[in-house]
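# Remarks on the overall topology
Okay, here's what each chain looks like letter by letter:
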Amino acid sequence: MGTGEQQAPVITIDGPSGVGKGTIAQLLARELGWHMLDSGALYRLVALGAARQGIPLDDETALADYAARLPVEFRAGEGATHGLAIYLDGEAVGDAIRTEECGAGASRVAALPGVRAALLARQRAFRRPPGLVADGRDMGTTVFPDAPLKIFLTASAEERARRRYKQLKEKGIDVSLAALLEEITERDTRDSQRSASPLVPADDALRIDTTSMTIDEVLQTVKQAAAPLFAPRD
Ligand code: C5P
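How each quantity is defined
- Residues numbered from 1 in each chain as written.
- Predicted model: local features only at pLDDT ≥ 70, side-chain atom pairs only at ≥ 80, totals over all residues.
- Heavy atoms only, no water.
- 1 Å grid on protein atoms, 1.4 Å probe; cavity = no way out; pocket = protein on both sides within 12 Å on 5 of 7 lines; lining within 4 Å.
- Points joined across faces, edges and corners; volume = space filled by probe spheres on them.
- Helix = DSSP H or I, 4+ residues; strand = E, 2+ residues; numbered from the N terminus.
- Nonpolar A, V, L, I, M, F, W, Y, C, P; charged D, E, K, R; others polar.
- Near = heavy atom within 4 Å.
- Polar contact = N/O pair within 3.5 Å; in protein donor to acceptor, adjacent residues only side chain to side chain.
- Areas by Shrake-Rupley, 256 points an atom, 1.4 Å probe, with all protein chains shown as cover.
- Sits in = over half its atoms within 2 Å of the grid points.
- Axes fitted to C-alpha atoms, helices over the stretch in contact; angles between N-to-C directions.
- Parallel < 35°, antiparallel > 145°, perpendicular 65-115°, else oblique.
- Contact = heavy atoms within 4.5 Å.
- Pairing = 2+ DSSP bridges.
- Core = buried A, V, L, I, M, F, W, Y, C linked by side-chain atoms within 4.5 Å.
- Buried < 20%, exposed > 50% of the residue type's maximum accessible area, 1.4 Å probe, protein only.
- Salt bridge = Lys/Arg side-chain N within 4 Å of Asp/Glu carboxyl O.

The calculated volume of the largest pocket comes to roughly 1,300 Å³. Together, 50 residues line the largest pocket, and G18, G22, T23, R164 and Q167 are the ones closest to its centre. A total of 7 residues in the lining of the largest pocket trace back to one element, the largest contributor, which is helix α7 (residues 157-170). Among the residues forming the lining of the largest pocket, the class breakdown is 14 nonpolar, 17 polar and 19 charged.

Neighbouring the ligand are 15 residues, the closest being S39, R44, R116, D191 and R194. D191 is positioned such that a nitrogen or oxygen atom in its side chain is 2.7 Å from an oxygen atom of the ligand. Taking R194, its side chain carries an N or O atom lying 2.9 Å from an oxygen atom of the ligand. The fraction of the free accessible surface of the ligand (450 Å²) that becomes covered by protein chains is 95%. Taken atom by atom, the bulk of the ligand overlaps the largest pocket.

At a closest axis distance of 8 Å, the pairing of helix α2 (residues 39-53) and helix α4 (residues 100-109) adopts a crossing angle of 100°. On the basis of the axis angle, α2 is roughly perpendicular to α4. Mapping the contact onto sequence places Y43, R44, V46, A47 and L48 in α2 and C102, G103, G105, A106 and V109 in α4. The residue makeup of the contact of α2 with α4, split by class, is 7 nonpolar, 2 polar and 1 charged.

Consider a sheet: its strands pair through backbone hydrogen bonds, and that pairing is either parallel or antiparallel. Within the open sheet, the 3 strands sit side by side as β3-β4-β5. Their pairing is antiparallel. Taken across any chain shown, the strands that pair with only one partner, and hence form the sheet edges, are β3 (72-76) and β5 (91-92). Both β3 and strand β4 (residues 84-88) contribute to a ladder of 5 bridges, which runs antiparallel. Residue pairing across strands places A76 opposite L84, the latter belonging to β4.

As a further point, take the nonpolar core. With 33 residues, the main nonpolar core has L45, V46, L70 and F144 as its most contacted residues. Within the residue set of this core, elements represented by two or more residues are α2, α3 (60-68), β4, α4, α5 (113-124), β6 (132-136) and α6 (139-143). Sorting elements by how many residues they give to this core places α2 first, with 7 residues. In this structure, L45 is in contact with Y66, L70, V72, F74, I86, L88, V93 and I97, ignoring residues within four places of it in sequence. If you look at the next biggest cluster of nonpolar residues, it comprises 19 residues, including I13, A25, V133 and V218.

Let's shift gears to the sheet that holds strand β1 (residues 10-14). One open sheet accounts for 5 strands, arranged β2-β6-β1-β7-β8; its pairing is parallel. The strands lining the two open edges of the sheet, one partner per strand, are β2 (35-38) and β8 (206-209). Pairwise comparison of adjacent strand axes, ignoring direction, gives a mean angle of 20° for this sheet. Bridging between β1 and strand β7 (residues 149-154) involves 4 bridges; their strand directions are parallel. The residue of β7 that forms the bridge with I13 is I151.

So, on to the pattern of salt bridges. Tallying each qualifying case throughout the model produces 16 salt bridges. Taking the shortest distance from any N to any O, the salt bridge between D38 and R98 comes out at 2.9 Å. In this pair, D38 is assigned in strand β2 and R98 in the loop between β5 and α4, connecting sequence segments 60 residues apart. As a salt-bridge pair, E91 and R52 come within 3.1 Å of each other at their nearest N and O atoms. Residue E91 is found in strand β5, and its partner R52 is found in helix α2; the two are separated by 39 residues along the sequence.

Bringing the side chain of R127 into the picture now. Tracing the sequence through the fold places R127 in the loop between α5 and β6. We classify R127 as buried; its relative accessible area is 14%. In this structure the side chain of R127 is engaged in a polar contact, spanning 3.3 Å, whose partner is the side chain of D146. What R127 contacts, discounting residues up to four positions off in sequence, is Q7, A8, V10, L132, F144 and D146.

Functional significance is not addressed by these values, which are geometric in nature.
In structure tokens form, the structure reads like this:
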């Protein structure tokens with residue numbers, strides 16, 4: 001900013017696919033009454049929109065151009081997953097962007113520096129009073145490096161595949177656990193080895209291994225870490 005203006009606080013929640021970032025971020029945002037940024041949704045929207053527009057997933061210039069003018073709208077109301085329903089070109093796409101195929105496409109477009117740069121300002125615009133909970137891969141390292149609290153969640157790939165399997169089963173979607181594990185491992189490799197904003201914890205992030213924790217235990221741990229943000233200052 002450079003204006004000395006007080007910015008709204010941000011809590012960043014980063015980590016690999018299927019670790020439960022979205023769930024924790026959503027619960028935390030709801031409890032605090034803060035806004036929420038699901039940054040993965042933006043990459044998923046670029047992948048979905050590109051497929052629909054016939055833009056090849058390796059055409060960085062065209063993808064970055066599309067990402068810069070992404071015709072997305074977040075509306076409160078029905079069909080909302082993270083508190084807001086997502087519309088691409090006026091069409092509700094909340095379910096369409098959650099497929100494994102779209103996730104894989106997102107991870108490909110997310111490796112392109114031009115696409116990441118095009119989405120930067122859009123992500124930062126979510127930072128509004130009273131505060132923002134931002135979930136993704138590079139929230140603490142690149143998008144909000146000045147966030148007063150950075151969380152990095154991890155869990156073994158097997159445990160993440162099991163969680164995802166359970167989630168999909170509950171939705172009546174039939175998948176194989178082995179295929180999910182393979183998908184998650186591939187995505188981890190691509191996300192952590194890319195040169196543009198790879199998945200790494202910020203130096204000042206609090207790392208929480210959630211492998212044998214319940215959602216509530218993770219939430220309580222994050223809330224404890226966030227408590228100093230709300231301590232009265234004199
Ligand atoms: O979190 P989600 O699974 O929706 O993210 C989809 C993909 O988008 C990830 O695999 C990752 O490649 C990419 N992503 C990213 N940076 C973010 C959020 C998501 O590169 N901040």
